[in-house]
Amino acid sequence: MIRPLALLLSLVYPVRCPFCGRVLERWEDGMCGACQRALPWVEPEEARQQVDGCARCLAPLWYRDGAREGVRRYKFQHGRGHSRLFGALMAQCLARDWAGPVDLVTWAPLSRKRLRARGYDQAELLARRVGEVTGLPVIPTLEKRRHTRAQSRLGTEQSRRANVAGAYDCLPGVELAGKRVVLVDDVATSGATLAQCAACLRAAGAACVVALTLARAR
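Worth saying up front: this structure is predicted, and the values here are computed from it rather than measured.

Participant: Which residues make up the overall build of the protein, and what values do they have?
Facilitator: Within the protein one finds 8 helices and 7 strands. Counting across all 218 residues of the protein, residues that qualify as buried make up 48%. Within the protein, contacts between residues separated by at least 24 positions form 73% of all contacts whose residues are at least 6 apart in sequence. Accessible area of the protein: about 11500 Å², with a carbon and sulfur share of 52%.

As structure tokens, then:
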């Protein structure tokens, strides 16, 4: 039975599909049926991508079409609530495509400047949802020491790598000796950010780093 307040809120603030923006029907869970069918899902045999310092780079979606639009809504249209569905999709991908043991989940953090501007760290919200679904502890391990240009505005892999070189470091006191770590971010394009973060985690003693994003470029 739907409570009156919940009904009123659903009328005033209807739940929309994070990928296309259509108002969801009551029976649609998280996303609309059309997007469920049409999104560019990464098939299990396509799930492997090499990123320096990472044992695997996993993602449930290719970064194009509706998936690209979903990321845009999440990051730039105050769509922080979309992290619940997106993080759940990522957790399912991790369970499906990674058979090895995992000790903890962490994320590639925003700079302080970008965090103040956006109001939330999209990678942190995804990591916390992944931890909620999987039961794994979610631990902040990294900091972004300097503000960088948005990777999406840089056209070449070389420029992306130069942009984030030396931008990340482990937080003081972080000890990861022998730990198997899931490193979360929203999108993997060149893999430059993930590689920088993985290098920091490995330097702190991590035995294995598995990168996990919502979407990745081909």
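Following the structure, the description resumes.
Participant: Requested: an account of the packing of helix H4 (residues 83-97) against helix H6 (residues 122-134), with residues and values cited.
Facilitator: As a packed pair, H4 and H6 sit with axes 8 Å apart at the nearest point and diverge in direction by 60 degrees. Taken together, the axes of H4 and H6 are oblique relative to one another. As H4 packs across H6, the resulting crossing turns out to be right-handed. Within the contact between the two elements, H4 uses Ser-83, Arg-84, Phe-86, Gly-87, Ala-88, Met-90 and Ala-91 and H6 uses Leu-125, Leu-126, Arg-129, Val-130, Glu-132, Val-133 and Thr-134. When grouped by side-chain class, the residues that make up the contact of H4 with H6 number 8 nonpolar, 3 polar and 3 charged.

Participant: Before we move on, could you go through the confidence of the model for the protein and cite the residues and values that matter?
Facilitator: Of the residues in the protein, 87% reach a pLDDT of 70 or more, and the chain-wide mean stands at 87. The weakest mean pLDDT in the protein belongs to helix H1 (residues 4-12) at 42; the strongest belongs to strand S3 (residues 104-107) at 98. Below a pLDDT of 50 lies the segment residues 5-12, which in the model reaches 3 contacts outside its immediate sequence neighbourhood of four places, other chains included.

Participant: Explain the side chain of Lys-75 to me, and be specific about the residues and the numbers.
Facilitator: Mapped onto the elements, Lys-75 comes out in helix H3 (residues 65-76). Look past the residues within four positions of Lys-75 in its chain and what remains in contact with it is Arg-118, Tyr-120, Gln-122 and Asp-186.

Participant: Quick one: what's the story with the packing of aromatic side chains, residue by residue and with numbers?
Facilitator: Within the structure shown, the criterion is met by 3 aromatic pairs. Relative to Phe-86, the ring of Phe-19 lies with its centre 5.3 Å away and its plane at 45 degrees, an arrangement referred to as tilted. Of this pair, Phe-19 sits in the loop between H1 and helix H2 (33-38) while Phe-86 is found in helix H4, placing the two residues 67 residues apart along the sequence. Residue class for Phe-19 comes out buried when judged on its relative accessible area of 2%. Measuring from ring centre to ring centre gives 6.2 Å for Tyr-74 and Tyr-120, while their planes differ by 40 degrees; the resulting arrangement is tilted. Of the two residues, Tyr-74 sits in helix H3 while Tyr-120 sits in the loop between helix H5 (112-118) and H6, which places them 46 residues apart along the sequence. No difference in accessibility class separates Tyr-74 from Tyr-120, as the two residues are buried.

Participant: Explain the pattern of salt bridges to me, using residue names and the numbers behind them.
Facilitator: By the definition in use, this model includes 10 salt bridges. One salt bridge connects Glu-132 with Arg-84, and the closest N-O pair in it is separated by 3.7 Å. Taken together, the residues Glu-132 in helix H6 and Arg-84 in helix H4 connect sequence positions 48 residues apart. Relative accessible area serves as the criterion here: at 45%, Arg-84 is assigned to the partly exposed category. Residue Asp-169 is joined to Arg-145 by a salt bridge in which the shortest nitrogen-to-oxygen separation is 3.5 Å. Of this pair, Asp-169 sits in strand S5 (residues 168-170) while Arg-145 sits in the loop between strand S4 (142-144) and helix H7 (157-164), and the two are 24 residues apart along the sequence. Put simply, Glu-69, Arg-72 and Arg-73 are held in one network by salt bridges that share partners.

Participant: A description of the nonpolar core should follow, citing residues and the corresponding values.
Facilitator: In this structure, Phe-19, Val-105, Val-184 and Leu-212 are the most contacted members of the largest nonpolar core, which totals 37 residues. For this core, the secondary-structure elements that each account for two or more residues are H3, H4, S3, H6, strand S6 (180-188) and strand S7 (208-216). Broken down by element, this core gets its largest block of residues, 7 residues, from H4. Contact partners of Val-105, with chain neighbours within four places excluded, come to Ala-127, Val-130, Leu-136, Pro-137, Val-138, Ile-139, Val-182 and Val-184. Ala-108, Val-164, Ala-198 and Ala-204 belong to the second-largest nonpolar core, a separate cluster that totals 25 residues.

Calculation rules
Residues numbered from 1 in each chain as written. Predicted model: local features only at pLDDT ≥ 70, side-chain atom pairs only at ≥ 80, totals over all residues. Heavy atoms only, no water. Helix = DSSP H or I, 4+ residues; strand = E, 2+ residues; numbered from the N terminus. Buried < 20%, exposed > 50% of the residue type's maximum accessible area, 1.4 Å probe, protein only. Contact = heavy atoms within 4.5 Å. Areas by Shrake-Rupley, 256 points an atom, 1.4 Å probe, with all protein chains shown as cover. Axes fitted to C-alpha atoms, helices over the stretch in contact; angles between N-to-C directions. Parallel < 35°, antiparallel > 145°, perpendicular 65-115°, else oblique. Left-handed = near helix turned anticlockwise from the far one by under 90°. Nonpolar A, V, L, I, M, F, W, Y, C, P; charged D, E, K, R; others polar. pLDDT = per-residue confidence, 0-100. Phe/Tyr/Trp six-rings, centres within 6.5 Å; stacked < 30°, edge-to-face > 60°. Salt bridge = Lys/Arg side-chain N within 4 Å of Asp/Glu carboxyl O. Core = buried A, V, L, I, M, F, W, Y, C linked by side-chain atoms within 4.5 Å.

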